[in-house]
Each structure stands twice: as structure tokens, then as C-alpha cells.
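Summary of structural features
Read off the chains here:
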Amino acid sequence: MARVEIKTNAQLQQMARAGVITSRALDAAVAAARPGVTTAEVNAAFERTMLELGGTSNFYGYYDYPATVCTSVNYEVVHGIPGDYVLKDGDILSIDGGAYVIDPATNRQWHGDSARTVLIGNASEARAELSAVTREAMWHGIAALATAKKVGEIGLAIEAYVTEEYGDKYGIIEDYVGHGIGSQMHMAPDVLNYAVRDLGPRIKPGMAFAIEPMLVTGSIETKVLSDDWTVVTVDGSDACQWEHSVAVHSEGIWVLTAEDGGASELARFGITPVSIPA
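Attention here is on the structure that accompanies the text. (Residues numbered from 1 in each chain as written. Predicted model: local features only at pLDDT ≥ 70, side-chain atom pairs only at ≥ 80, totals over all residues. Heavy atoms only, no water.)

1. Some thoughts on the environment of A137
With respect to the helices and strands, A137 occurs in helix 3 (residues 125-145). On the basis of relative accessible area, A137 is assigned to the buried category, the value being 0%. Distance from A137 to E165, taken between C-alpha atoms, is 10 Å for residues 28 residues apart in sequence. With residues near it in sequence (within four places) discarded, A137 still touches I158, Y161, V162 and P213. (Helix = DSSP H or I, 4+ residues; strand = E, 2+ residues; numbered from the N terminus. Buried < 20%, exposed > 50% of the residue type's maximum accessible area, 1.4 Å probe, protein only. Contact = heavy atoms within 4.5 Å.)

This is the structure in C-alpha cells:
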């Protein structure tokens, strides 16, 4: 099993800086996403804000990926490449992006990664519910991390919420999962969005995770299109992704890609996120 990176508080604070840049760049991308706008323009909005804030894209050039964000529309699950697709009234769009900063003292990179789903124009109630359920599943996973002993408890909480509240109405994608994050964007361990018997590594202060459930309204079977990136549902059913990067430290957890550390959402779980100590 690959070793899970343990960060110092100072390194987690660098990740929080990258996380805020990622969050604000996503704000710009979400604001740009409306009917008549291309996914390339959504990408440009993210990139422009990220650069203004001093971040560098960790998506562009990653295994030759050609853009700054992934824009996945309707039946596209993840890794959709921005281009000349014109967003239409009623579309559901997942925007996945990230940024890194460089610690001037060590010249090391520290990464942020986050995704949001946007309803374009007058989307259907079904698409609105899909996004709301996926978002809520993410927050259940984050809340579980606050008290979890092992990484697999995140997936237990995500699956429990989805199945207990909605039965088999939504499928949880298994081919693509969350991950560790830190000095690289993708690191050990895998962070599953579903329950398995082996709960994986023990959680320790200094770890950080990207928690990113992806839900679909039909079969969880996926395929990759000819561009070698875009993942779609085989049956053409709608898909949705939400993601936050979250740090664990000695005093609690902090959502790195939420400017309030996740306080506004975690309050209803009885959890108060704690700023990363100096």
C-alpha cells in the first residue's frame, strides 16, 4: 500500500491558500456558466481568476490534459474537455478544477482540487435533485471525516446517505473515486464513495483528502470517449459531481476549498471546523 503523505501545519496552510484560489476561480466559472456560453468560455473564466490570484493550474498538462478545468455536461460523468459546446437551457454541468501554489521557502507545490455542479437556465426538477443529492452526499462524507478512524468510513457515510434516503434511485460511480492530495494533486489513498469491507488506512493529523462523489440517475457503467478523457454513462443517464479538499489536523478538520472551512454546511452535523494552527 502506498504511503499516505503527512503534512505539517505550515504545509496545510499552503494548501488552504491553494484551496481559496481554487474556490474563487470556481466562483468565476460558475458565474460564467449560462445558456449561450461555451464550455471553453467557462474554462477561461476559471483560468483568468486563478492566474489573477497567483495560482497555477494543476489540470493543464496533467497527462497532457489540454485545459484548466473539466466541464462535464449531462451524461458526461467526469473529465469532459472544454471546447465549442454551447451550454443550453436545462443542461446540468459539472465543473472540476484545481490550482497549486509554491511555498517560496521550500519551492514545493501545494495543491487544491474542487468541483461544483451548475444547473443551466431552467433545469428540470430531476436534474436539480440529482445535484442536490450529490452535494449532500459529499457533505455527509466530509462530516464523517471529522470523527472517522479510517479512510473507508467516508465511503460508508456517502453510501448510507444515498441509499437510506433514496434507495436505488441513484447510482454511485465506482470507476472514479476521491484521493489524497498535498504536494501532488493525486496521491494515496483512494477515497471511495461507497462501502467496502476493508476500511483502508488509519486517519492521522496531517492528512488531506479530496472527497468527490459522482452520482448517476441510471446504470453506473461508464466508458471513455474517443478523446481519451471524457467519461460518460453507457446508458446516457445524467451524471453529477461535487468535490472538496479537506485537511485533518490535530485540532479537527478544515475544508480547504471552502473559504469558511466548511462551517456553514457542517454546523447542521454538529461539527465546527477548526482553522489550521500555526
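2. As for the nonpolar core
The biggest cluster of nonpolar side chains holds 33 residues, and the ones touching the most others in it are I142, L145, F209, I211 and L266. Of all the secondary structure elements, the ones that give two or more residues to this core are helix 3, helix 4 (152-166), strand 9 (208-211), strand 14 (244-249) and strand 15 (252-255). Here this core gets eight residues from one element, more than from any other, and that element is helix 3. Apart from residues lying up to four places away in sequence, F209 is in contact with L145, V151, H179, G180, I181, P189, V191, I203, H244, S245, V246 and V248. V37, L87, L93 and I120 belong to the second-largest nonpolar core, a separate cluster that totals 29 residues. (Core = buried A, V, L, I, M, F, W, Y, C linked by side-chain atoms within 4.5 Å.)

3. Considerations on the packing of helix 3 against helix 4
Remark: helix 3 packs on helix 4, axes separated minimally by 8 Å, with the N-to-C direction vectors making an angle of 140 degrees. On the basis of their axis angle, the class for helix 3 and helix 4 is oblique. Handedness of the crossing formed by helix 3 with helix 4: right-handed. Facing helix 3, whose interface residues are E129, V133, E136, A137, H140, G141, A144 and L145, helix 4 presents E153, I154, A157, I158, Y161, V162 and Y166. Residues belonging to the contact of helix 3 with helix 4 are distributed by class as follows: ten nonpolar, two polar and three charged. (Axes fitted to C-alpha atoms, helices over the stretch in contact; angles between N-to-C directions. Parallel < 35°, antiparallel > 145°, perpendicular 65-115°, else oblique. Left-handed = near helix turned anticlockwise from the far one by under 90°. Nonpolar A, V, L, I, M, F, W, Y, C, P; charged D, E, K, R; others polar.)

4. Here's the deal with the sheet that holds strand 6 (residues 171-172)
Consider a sheet: its strands pair through backbone hydrogen bonds, and that pairing is either parallel or antiparallel. Spatially, three strands are ordered 6-10-13 in an open sheet, and the strand pairing comes out antiparallel. Two strands lie at the open edges of the sheet, namely strand 6 and strand 13 (239-241), each paired on one side alone. As defined by bridge partners, strand 6 adjoins strand 10 (residues 214-216) across two bridges and the pair is classed as antiparallel. Note that in strand 10 the partner of G171 across the bridge is V216. Of the strands in this sheet, strand 10 and strand 13 touch helix 3, which is tilted by about 35 degrees from strand 13. (Pairing = 2+ DSSP bridges.)

5. What to know about the pairing of strand 15
Taken together, the four bridges between strand 14 and strand 15 define a ladder with antiparallel strand orientation. Within the sheet, the bridge partner assigned to H249 lies in strand 15 and is G252. As consecutive antiparallel partners, strand 14 and strand 15 are separated by two residues.

6. Things to note about the pairing of strand 14
Most of strand 14 is tucked away: six of the six residues are buried. Pairing of strand 9 with strand 14, which is carried by four bridges, proceeds in the antiparallel orientation. Within strand 14, the residue paired with A210 across the bridge is S245.

7. Things to note about the pattern of salt bridges
The full count for this structure, using the stated rule, is nine salt bridges. R24 is the partner of E259 in a salt bridge, and the nearest nitrogen-oxygen pair spans 2.9 Å. Linking E259 in the loop between strand 15 and helix 5 (263-266) with R24 in helix 1 (residues 9-32), this pair joins segments that are 235 residues apart in sequence. In this structure R24 comes out as partly exposed when scored by relative accessible area, which is 38%. (Salt bridge = Lys/Arg side-chain N within 4 Å of Asp/Glu carboxyl O.)

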